[in-house]
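A look at the structure
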Amino acid sequence: MRSEVKYFNSDVISIFYTGYCGYISPGRGVGAPFGMAITIDIETERIMTLDDVISDFDTLSALLLDNKFENITEWEGKKGNYPFNRENVIRPDGWGISGQCTSWYTDGKNLIIIETVLDTYNEYSKSIKSMKNIFKEDFIKMIK
């Protein structure tokens, strides 16, 4: 795995990890590409979940399902145009994003959702400013 600090200030650090999962086998190579991220609240020393930063999951889910996030993952030097996988959004009691296949980070200006599906991952980005109303006020203060 390789890591990259995407955002850092006195309150928050966001780290993006990429690598390969699975095993090395003859003829198959090193396994499937894998991406994940963590964002840490430095004061409390805990990993922040989307529940810690998002106040309106209905709007977030609708934006993802309506492809309002930009696919920023580069495969072979080109950005993708893969839509967010609808299977990663659960709807039993309203909208919510499953934590099993998704993680997130911020670069201070954008919210980036990472979706891992079978043998690959994709990153979806949208400006925090353009959807400021869906975030908890504490998170907005942390990244200023």
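Residues numbered from 1 in each chain as written. Predicted model: local features only at pLDDT ≥ 70, side-chain atom pairs only at ≥ 80, totals over all residues. Heavy atoms only, no water.

1. Notes on the pairing of strand β2 (residues 12-21)
Moving residue by residue along a regular strand, the side chains alternate between the two faces of the sheet. Note the threshold: The rule is simple: take the accessible area with a 1.4 Å probe, protein chains only, and divide by the maximum for that residue type; under 20% is buried, over 50% is exposed, in between is partly exposed. Only DSSP runs of H or I with at least four residues qualify as helices, and only runs of E with at least two residues qualify as strands; both kinds are numbered from the N terminus onward. In this scheme, strands are said to pair when DSSP sees at least two bridges between them.
Most of β2 is tucked away, with seven of its ten residues classed as buried. The pairing of strand β1 (residues 2-8) with β2 spans six bridges and is antiparallel. Bridge assignment links S3 to a residue of β2, and that residue is Y17. Hairpin connection of β1 to β2: three residues between the antiparallel strands. As defined by bridge partners, β2 adjoins strand β3 (residues 32-41) across ten bridges and the pair is classed as antiparallel. Residue C21 lies in a different strand from β3, and its bridge partner there is A32.

2. Concerning unusual backbone geometry
Outside of glycine, negative phi angles account for most residues, and trans bonds account for most peptide bonds. Positioned with a positive phi, E45 is a non-glycine residue whose angle comes to about 60 degrees. Within the fold, E45 resides in the loop between β3 and β4 (46-47). The backbone of N67 sits at a positive phi, close to 55 degrees, despite the residue not being glycine. When you line up the elements, N67 lands in the loop between α2 (57-65) and β5 (70-71). Overall, the relative accessible area of 45% leaves N67 in the partly exposed class.

3. Details of the sheet that holds strand β12 (residues 120-127)
One open sheet accounts for four strands, arranged β5-β12-β11-β10; its pairing is antiparallel. The open sheet has two free edges, formed respectively by β5 and β10 (102-106), since each of these has just one partner strand. Note that β5 and β12 share two bridges and pair antiparallel. When the bridges of β12 are listed, N71 appears paired with Y124.

4. Examining the pattern of salt bridges
As a reminder, the rule being used: Definition used for salt bridges: Asp or Glu carboxyl oxygen within 4 Å of a side-chain nitrogen of Lys or Arg.
For the structure shown, the criterion picks out four salt bridges. Put simply, R46 and D52 hold a salt bridge, and the shortest N to O gap is 3.2 Å. Judged by relative accessible area, R46 falls into the partly exposed class, the value being 40%.

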